[in-house]
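Descriptive analysis of the structure
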Amino acid sequence: MAESTTVTSYRRDLSQQDNGVENENLAINANSNKRNMIKKIAIAVVLIGFIVYVIIDSLTTQNVKKGIDIFFTWIEINPAAGLFAFMGVYFVATVLFIPGSILTLGGGFVFSNAFGLGLGVLMATVAVFVGASLGATAAFLLGRYLLRDWVQKLTTKYPVFEAIDSALQEKGFRIMALIRLSPLIPFNALNYITGVTAVSFGANTVALVAILPGTILYVFLGASAGSLADSASSGSNSVVRIVSIVVGIVFGILGIAVTSYYAKKELNKVIARRQEETQNDTDEENVNDNE
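Residues numbered from 1 in each chain as written. Predicted model: local features only at pLDDT ≥ 70, side-chain atom pairs only at ≥ 80, totals over all residues. Heavy atoms only, no water.

1. Here we look at the overall build of the chain
We apply this condition: By definition, any uninterrupted DSSP run of H or I lasting at least four residues is a helix, any uninterrupted run of E lasting at least two residues is a strand, and each is numbered from the N terminus. When a residue's accessible area, from a 1.4 Å probe over protein chains only, is under 20% of the maximum for its type it is buried; when over 50% it is exposed; and in between it is partly exposed. Residue contacts are counted whenever heavy atoms from the two residues lie within 4.5 Å of one another. Throughout, the Shrake-Rupley method with a 1.4 Å probe supplies accessible areas, and for residues the shown protein chains are the sole cover considered.
Along the backbone of the chain there are 12 helices and zero strands. The N-to-C order of helical and strand elements in the chain reads α-α-α-α-α-α-α-α-α-α-α-α. Burial analysis of the chain (291 residues in total) assigns 35% to the buried set. A fraction of 81% describes how many contacts in the chain between residues 6 or more apart in sequence connect residues 24 or more apart. Approximately 17000 Å² of the chain is accessible, and the part contributed by carbon and sulfur atoms is 66%.

The following block contains the structure:
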């Protein structure tokens, strides 16, 4: 009898210890989730603050534009060091929503003056592509870190979101390459939007090669300008504007069409799968009731 009581007491102590460990783990997880949420909010607030400043500044004092002009003047004097500095500035500009067209046109002008037209266009294209790609990758990762969990919750509630997410996951490179080819779709915003979807890191990164045609065009326009001021205004040329609009519309429509096509296929799969799950649950309930 005493031995049975001892065993029972021992089991009760073990159960209490297990419950204590479980409660402790839950508390640790809760604190960890809370810290992660605070980090995400802090990063989002800082990032949004910078972006809002850039937007307001572009409409008022234009300090950012003045800073870019000073930076280009420095590159003209120091082209070798300026090449690497340009990549860094383009990276920051991409993350902070600073319009890349100004940097691309200006880069074409200063590097063609420093290295000659052919080599200058090549160097500027490489610098823009590297800076833009690194910035796009950083923005993609920020978007994924800050908002991906929230979007995943939406996909479980709404079949349409799940279908689009699945289409982007399976056909990410094809869709992203077409969208990247369109100069009308905002490059900086797209980087963050892509991050919250299920597009794989690899597919998004490789699809960045599709920005090269537009990059070469704008670099060449900047290189053909007669002065730095002309290069900044080259993007407003009527011929350039018409070509950009036409190309943008064509590839924009193609990107949307491909996304819609695959999303529709995935939506049908999602609906069929959910109907099958519902039917299986119903069958299990019927079996349990019969038992």
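Resuming the write-up.
2. Here's the deal with a nonpolar patch on the surface
Counted only if it meets this: Exposure above 30% relative accessible area and the lack of any salt bridge qualify a residue for a patch; like charges then connect within 9 Å, and the nonpolar side chains Val, Leu, Ile, Met, Phe, Trp and Tyr within 5 Å. A pair is scored as a salt bridge if a Lys or Arg side-chain nitrogen falls within 4 Å of a carboxyl oxygen belonging to Asp or Glu.
A cluster of nonpolar residues, Met-37, Ile-41 and Val-45, forms a patch on the protein surface that exposes about 300 Å² of accessible area. Structurally, Val-45 can be placed in helix H1 (residues 2–59). The class for Val-45 is exposed, based on a relative accessible area of 55%.

3. Let's talk about the side chain of Asn-191
Just so we agree on the cut-off: Here a polar contact is recorded for every N or O atom pair within 3.5 Å, except that within protein the pair must consist of a potential hydrogen donor and a potential acceptor, and residues adjacent in sequence are included only if both atoms are side-chain atoms.
Along the chain, Asn-191 falls in helix H8 (residues 187–195). Side-chain polar atoms of Asn-191 contact the side chain of Arg-180, separated by 2.8 Å. With near-sequence residues (within four places) excluded, Asn-191 lies in contact with Thr-94, Ala-136, Ala-139, Phe-140 and Arg-180.

4. Considerations on the side chain of Thr-104
Within the secondary structure, Thr-104 is located in helix H4 (residues 100–115). Beyond its immediate sequence surroundings of up to four residues, Thr-104 is in contact with Tyr-90, Val-128, Thr-215, Tyr-218 and Val-219.

5. A closer look at the nonpolar core
Most often, soluble globular proteins have nonpolar side chains that are buried together. Spelled out, the test is: Think of a nonpolar core as a cluster: buried Ala, Val, Leu, Ile, Met, Phe, Trp, Tyr and Cys residues, connected wherever their side-chain atoms sit within 4.5 Å.
Counting 30 residues, the largest nonpolar core has Phe-72, Ile-75, Phe-86, Leu-103 and Phe-111 as its most contacted members. Contributing elements (two or more residues each) for this core: H1, helix H2 (63–77), helix H3 (79–95), H4, helix H5 (117–157) and helix H10 (212–223). Among the elements that take part in this core, H5 stands out by supplying seven residues, more than any other. With near-sequence residues (within four places) excluded, Leu-103 lies in contact with Ile-68, Phe-72, Phe-86, Val-89, Tyr-90 and Ala-93. In this structure, Ala-177, Leu-190, Val-199 and Ala-210 belong to the second largest nonpolar core, which totals 10 residues.

6. What about the confidence of the model for the chain?
What counts, and what does not: pLDDT measures the predictor's confidence residue by residue and takes values from 0 up to 100.
The predicted model of the chain has a mean per-residue pLDDT of 74, with 59% of residues at 70 or higher. When pLDDT is averaged over each element of the chain, H3 comes out on top at 92 and helix H11 (residues 228–233) at the bottom at 52.

7. Some thoughts on the packing of H3 against H4
Two packed helices can be described by the angle between their axes and the distance between those axes. As a reminder, the rule being used: In this analysis, axes come from line fits to C-alpha atoms, helices being fitted only over the stretch in contact, and the angle between any two N-to-C directions falls in the range 0 to 180 degrees. Each angle is binned into one of four classes, with values under 35 degrees roughly parallel, values over 145 roughly antiparallel, values of 65 to 115 roughly perpendicular, and all other values oblique. When residues are sorted by character, Ala, Val, Leu, Ile, Met, Phe, Trp, Tyr, Cys and Pro go into the nonpolar class, Asp, Glu, Lys and Arg into the charged class, and all the rest, Gly among them, into the polar class.
Direction vectors running N to C along H3 and H4 enclose 175°, while the axes themselves pass 11 Å from each other. Put simply, H3 runs roughly antiparallel to H4. Side by side, H3 and H4 meet where Pro-79, Gly-82, Leu-83, Phe-86, Val-89, Tyr-90 and Ala-93 of the first sit next to Gly-100, Leu-103, Thr-104, Gly-107, Phe-111, Ala-114 and Phe-115 of the second. Taken together, the residues of the contact of H3 with H4 break down into 10 nonpolar, four polar and no charged.

8. Notes on unusual backbone geometry
Phi angles above zero are rare outside glycine, and Phe-97 is one such case at about 65°. Note on placement: Phe-97 falls in the loop between H3 and H4.

9. Quick word on the packing of aromatic side chains
Stated precisely, the cut-off is as follows: Under the pairing criterion, centres of Phe, Tyr and Trp rings, with the six-membered ring standing for Trp, must be within 6.5 Å; the plane angle then separates stacked pairs below 30 degrees from edge-to-face pairs above 60, leaving the rest tilted.
Tallied over the entire structure, the rule returns eight aromatic pairs. Measuring from ring centre to ring centre gives 6.2 Å for Phe-71 and Trp-74, while their planes differ by 20°; the resulting arrangement is stacked. Residue Phe-71 and its partner Trp-74 are both found in helix H2; the two are separated by three residues, about one turn of the helix. For Phe-71, a relative accessible area of 15% corresponds to the buried category. Ring geometry for Phe-140 against Phe-201: centres 6.1 Å apart, planes inclined by 55°, an arrangement best described as tilted. Of this pair, Phe-140 sits in helix H5 while Phe-201 is found in helix H9 (residues 201–207), placing the two residues 61 residues apart along the sequence. On the basis of relative accessibility, which here comes to 41%, the residue Phe-201 falls in the partly exposed class. Three or more aromatic residues joined by ring pairs form one cluster here, namely Phe-71, Phe-72, Trp-74, Phe-86, Tyr-90, Phe-111 and Phe-115.

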